[in-house]
Amino acid sequence: MPIDPATRSILASTPAVLRAMLVPLPDAALLAPLDEGWCVRDALAHILDVEEVIYTDRIGRILAEDRAFIRSIDPAARMDERGMRTRTVAALLDELDARRPADVEALSALTAAQLARPGDHDEAGEITVSDLIHQWAYHDLMHTKQIATMLQSPLVAGMGNTRKFYDL
């Protein structure tokens, strides 16, 4: 399956979107545990961690191996092992900014045959390089939405009667 053109745009723009949303915020907004114990920094760290999981590991292995077997990950454990939950938001954003352009550019060089190469995932079954690229963009948007929701949450208390405008 060819890569949907929006997919590349989503992947390319995610670092700038997150930077614009997060850089001006105080640490209290970025570090408050809001979503099942995760804070905004954790969600950002996870986006960066999955950059390596999807691009470097999974796609790289499927391209290099014959029907690579892909195992699920434990996101929290990976972030803890790599010290990602102790890094600053600025450092995480800088690394995402540094990595993402080359990773997105590499997608443009993939042939139709490479995009169709299959691997086997321990939970999802057969997956292709194209599947992973689309999942990567979906994953970026899902966690960008999670971050926005986490930032919205503390605002509700100050909304007074304007809460009636929303289904809260």
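Residues numbered from 1 in each chain as written. Predicted model: local features only at pLDDT ≥ 70, side-chain atom pairs only at ≥ 80, totals over all residues. Heavy atoms only, no water.

One way to put it is that helix 5 (residues 89–108) packs onto helix 7 (residues 129–152) with a least axis distance of 12 Å and a crossing angle of 145°. The two elements helix 5 and helix 7 meet at a crossing, and its hand is left-handed. The segment helix 5 lies against helix 7, with R100, D103 and L107 engaging I133, W136 and D140. A breakdown of the residues in the contact of helix 5 with helix 7 according to their chemical character gives three nonpolar, no polar and three charged. (Axes fitted to C-alpha atoms, helices over the stretch in contact; angles between N-to-C directions. Helix = DSSP H or I, 4+ residues; strand = E, 2+ residues; numbered from the N terminus. Left-handed = near helix turned anticlockwise from the far one by under 90°. Contact = heavy atoms within 4.5 Å. Nonpolar A, V, L, I, M, F, W, Y, C, P; charged D, E, K, R; others polar.)

This paragraph deals with the sheet that holds strand 3 (residues 125–128). Each strand in a sheet pairs with its neighbour through backbone hydrogen bonds, running either in the same direction (parallel) or in the opposite one (antiparallel). The strand order across the open sheet built from three strands is 1-2-3, with neighbouring strands paired in mixed fashion. Looking at the sheet topology across the chains shown, the edges are occupied by strand 1 (69–70) and strand 3. When strand 2 (residues 118–121) meets strand 3, the two strands line up antiparallel, connected through four bridges. Residue pairing in the sheet places G119 in a bridge with I127 of strand 3. (Pairing = 2+ DSSP bridges.)

The full count for this structure, using the stated rule, is 14 salt bridges. The salt bridge partner of R82 is D49, with a shortest N-O separation of 2.4 Å. Within this pair, whereas R82 is found in the loop between helix 4 (75–81) and helix 5, its partner D49 is found in helix 3 (residues 40–64), the two being separated by 33 residues in sequence. Given the relative accessible area of 0%, D49 is considered buried. One network of salt bridges, with partners in common, ties together D49, E52, R78 and R82. (Salt bridge = Lys/Arg side-chain N within 4 Å of Asp/Glu carboxyl O. Buried < 20%, exposed > 50% of the residue type's maximum accessible area, 1.4 Å probe, protein only.)

Contact geometry of helix 1 (residues 5–22) with helix 5 gives a least axis separation of 9 Å together with a crossing angle of 165°. The angle between helix 1 and helix 5 falls in the class roughly antiparallel. With respect to the hand of their crossing, helix 1 and helix 5 are arranged in left-handed fashion. Counted together, R8, L11, A12, T14, P15, L18, R19 and L22 of helix 1 and V89, L93, D94, L96, D97, R100, V104, L107 and S108 of helix 5 form the full contact between these two elements. Its residues placed into classes, the contact of helix 1 with helix 5 shows ten nonpolar, two polar and five charged. (Parallel < 35°, antiparallel > 145°, perpendicular 65-115°, else oblique.)

To continue, consider the environment of Y55. Here Y55 is to be found in helix 3. Taking the C-alpha atoms as reference points, Y55 and S13, 42 residues apart in sequence, are found 17 Å from one another.

Its place among the elements puts T14 in helix 1. Residues in contact with T14, not counting those within four places in the same chain, are R100, D140 and T144.

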